[in-house]
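# Architecture and fold: a report
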Amino acid sequence: MAVLKVKFTKTKRDKLAQILWILNWVSVVSGIILFSLGLFLKIEIKKRNEVMAKGDINSVPNMLISVGVIACIINFLGGKICYDCSDANKFSRWKLVMLPYIVCTFCFTFCILVGALMCYTMRNELEESLYLGLRDAIKFYKDTDIPGRCFLKKTVDLLQIGFRCCGNNGFRDWFEIQWVSPRYLNMASKEVLDRLKSNIDGKFLVDGVPFSCCNPSSPRPCIQYQLTNNSAHYNYDFLTEELNIWMKGCRQALLDYYTGIMRSIGIAALLIWLFELSVLIGVRYLQTAMKNVLLLGDLEGESDGWLLENSFVETAKYNINIIKNLGKTNQISTVSGMNDPNINVQNTDCDKTNITTKSIPAAR
């Protein structure tokens, strides 16, 4: 029994073909939107590439870009097919193409759904990439004279100013690394030498942060050095007073930024998926209705259209049997004991030379 069977008159078939022709052109625009969203996300990730570890974070924008290009091609072809389906004579040219086209379009719409869901599932990969990338960027913050790392100080400073953040997880990350370049340390100073000798690695560690961590909105001048020393500043208690530096870590700030972008892109991709799915359903109805018209032979009469010719269970069983039988044809079994028509066949005397032949009668 057909699933969701609908009866179509010639007028309804013509209107459905015209509506689907318009919707396919709208779908071309939706493909351009998907391509643009993927390209935008790829550019945004590329902007902060220096503070991100290499990983699979580009899989989502690449997926959206690919799906957007395929959407434009498939929907352009779908518009041409639906336009010709208004004429039964022209439909005969597409009759064999329609079903493979519907199957390919179904797989394509599934890819849109996967791309939309990936926007919500890549948060963990993005967080790990940001954590590792920011950790290395802060670690090499002081290496302003080393090629390949000299740009990291400017990158981190602009990042902290732009996103109003400090450190990887927070401002205390700066306490655990030497972020002051050795070229600016006075090795003749006893204080500097004592700090270098105070830890095993011989690093110049201070309870301070770079200037880019300062909050310009604070009424008090920025306290970026000796943050944990109350006696170093007038009327200051770092345990109770709100510090005038950014408190949020840059990893969380960037994660919130990209999560907001991907959430918006995911919603847009889901809406496009629902729209493409509705167009696909309409194309399926048009294909079955036109096919039945040709079978009935009455181009002006009514015809039935459906989503599935048989029930879901029967259709599933049929497709499973097709998959199981794939590759079974034209196979030669090499297992001993298998029935082979050439086995146990008696040898014929192929080498006989005394074969009786009919003589050709002489002409009279």
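Criteria and thresholds
Along each chain, residue indices are assigned from 1 in the same order as the chain's sequence is written. Selection of residues for local features in this predicted model requires a pLDDT of at least 70, selection of side-chain atom pairs for listing and counting requires 80 or more, and totals for whole chains, interfaces and linings are taken over all residues. Hydrogen atoms and water are omitted, and side-chain values are computed over all heavy atoms in the structure. For each structure, a 1 Å grid was placed over the protein atoms alone; sets of points admitting a 1.4 Å probe that cannot get out are labelled cavities, open sets with protein on both sides within 12 Å along at least five of seven lines are labelled pockets, and lining residues have an atom within 4 Å of a point. Grid points are joined across faces, edges and corners, and a volume is the space filled by probe spheres set on the points. Helix and strand labels come from DSSP, where a helix needs a run of H or I of at least four residues and a strand needs a run of E of at least two; each type is numbered from the N terminus. Under this grouping Gly is polar, as are all residues other than the nonpolar Ala, Val, Leu, Ile, Met, Phe, Trp, Tyr, Cys and Pro and the charged Asp, Glu, Lys and Arg. Salt bridges, as used here, are contacts in which a Lys or Arg side-chain nitrogen is within 4 Å of a carboxyl oxygen on Asp or Glu. Here's how the labels work: a residue is buried when its accessible area is under 20% of the maximum for its type, exposed when over 50%, partly exposed in between, all with a 1.4 Å probe on protein chains only. One less than the residue count of a helix, multiplied by 1.5 Å, gives the span that helix is expected to have. Patch members must show over 30% relative accessible area and no salt bridge, and they are joined within 9 Å when carrying like charges or within 5 Å when they are nonpolar side chains of Val, Leu, Ile, Met, Phe, Trp or Tyr. The method behind every accessible area is Shrake-Rupley, applied with a 1.4 Å probe, and residues are considered shielded solely by the protein chains displayed. When checking whether two residues touch, look at their non-hydrogen atoms; a contact exists if any pair is within 4.5 Å. UniProt positions are given in the numbering used here, feature names are shortened, and annotations may be inferred rather than shown by experiment. Axes, fitted as lines to C-alpha atoms, cover a helix only where it is in contact. Angles between the N-to-C directions of the axes lie from 0 to 180 degrees. In this scheme, roughly parallel covers angles under 35 degrees and roughly antiparallel covers those over 145, while 65 to 115 is roughly perpendicular and the rest are oblique. For a crossing to be left-handed, the near helix must be turned anticlockwise from the far one by less than a right angle; the clockwise case is right-handed. Here, two cysteine sulfur atoms that lie within 2.5 Å of each other are counted as a disulfide.

### Considerations on the layout of surface pockets
Approximately 190 Å³ is the volume found for the second largest pocket. Around the second largest pocket, the lining residues are Y141, K142, T144, K153, W179, V180, S181, Y184, P210, F211, Q224 and Y225.

### Some remarks on empty space enclosed by the protein
Summed over the entire model, instances satisfying the criterion amount to 1 cavity of 30 Å³ or more. Looking at the largest cavity, its volume works out to about 40 Å³. If you go around the largest cavity, the residues you meet are N24, N75, Y101, T105, E276, V279, L280 and V283. The set of elements that each furnish at least two residues to the lining of the largest cavity consists of α3 (88–121) and α7 (250–296). Examining the composition of the lining of the largest cavity, we find that 4 residues originate from one element, α7, more than from any other. Its residues assigned to classes, the lining of the largest cavity shows 4 nonpolar, 3 polar and 1 charged.

### Points about the pattern of salt bridges
Going through the model one piece at a time under the given rule, you end up with 10 salt bridges. Notably, a salt bridge pairs D143 with R149, separated by 3.1 Å at the nearest N-O pair. The buried category is assigned to D143, whose relative accessible area is 11%. For R149, a relative accessible area of 31% gives the class partly exposed.

### Looking at α7
In a regular helix each residue adds 1.5 Å, so 47 residues correspond to 69 Å; α7 covers 68 Å between its end C-alpha atoms and thus fits that length. Just beyond α7, the residue with positive phi is G297, at close to 85 degrees.

### Quick notes on a nonpolar patch on the surface
On the surface, W21, I22, W25, V26, F76 and Y83 cluster together into a nonpolar patch covering about 620 Å² of accessible area. Elements supplying a minimum of two residues to the nonpolar patch: α1 (10–47) and α2 (59–84). In terms of residues, the nonpolar patch owes the most to one element, α1, which gives 4 residues. Within the secondary structure, Y83 sits in helix α2.

### What to know about the environment of G170
Of note, G170 is situated in the loop between α5 (152–163) and α6 (190–197). Residue classification places G170 among the buried residues on the basis of a relative accessible area of 11%. With residues near it in sequence (within four places) discarded, G170 still touches M247 and G249.

### Some thoughts on the UniProt feature "transmembrane region" (unreviewed entry) in the protein chain
Look at the UniProt record and you will see "transmembrane region" (unreviewed entry) annotated at residues 20–40, 60–78, 98–120 and 265–286. Helix makes up 100% of residues 60–78 and strand 0%, and the two end C-alpha atoms of the span are 26 Å apart. Note that residues 98–120 is 100% helix and 0% strand, and that its end C-alpha atoms are spaced 34 Å apart.

### Quick look at the packing of α1 against α7
In the contact formed by α1 and α7, the axes pass within 9 Å of each other and the chain directions differ by 155 degrees. By the angle between their axes, α1 is roughly antiparallel relative to α7. The chirality of how α1 crosses α7 is left-handed.

### Examining the state of the cysteines
Using the criterion set out here, one finds 3 disulfides in the structure. Here C165 is linked by a disulfide to C250, with a sulfur-sulfur distance of 2.1 Å. As the torsion about the S-S bond is roughly 85 degrees, the C165-C250 disulfide counts as right-handed. Highlighted residues: C165 in the loop between α5 and α6 and C250 in helix α7, separated in sequence by 85 residues.

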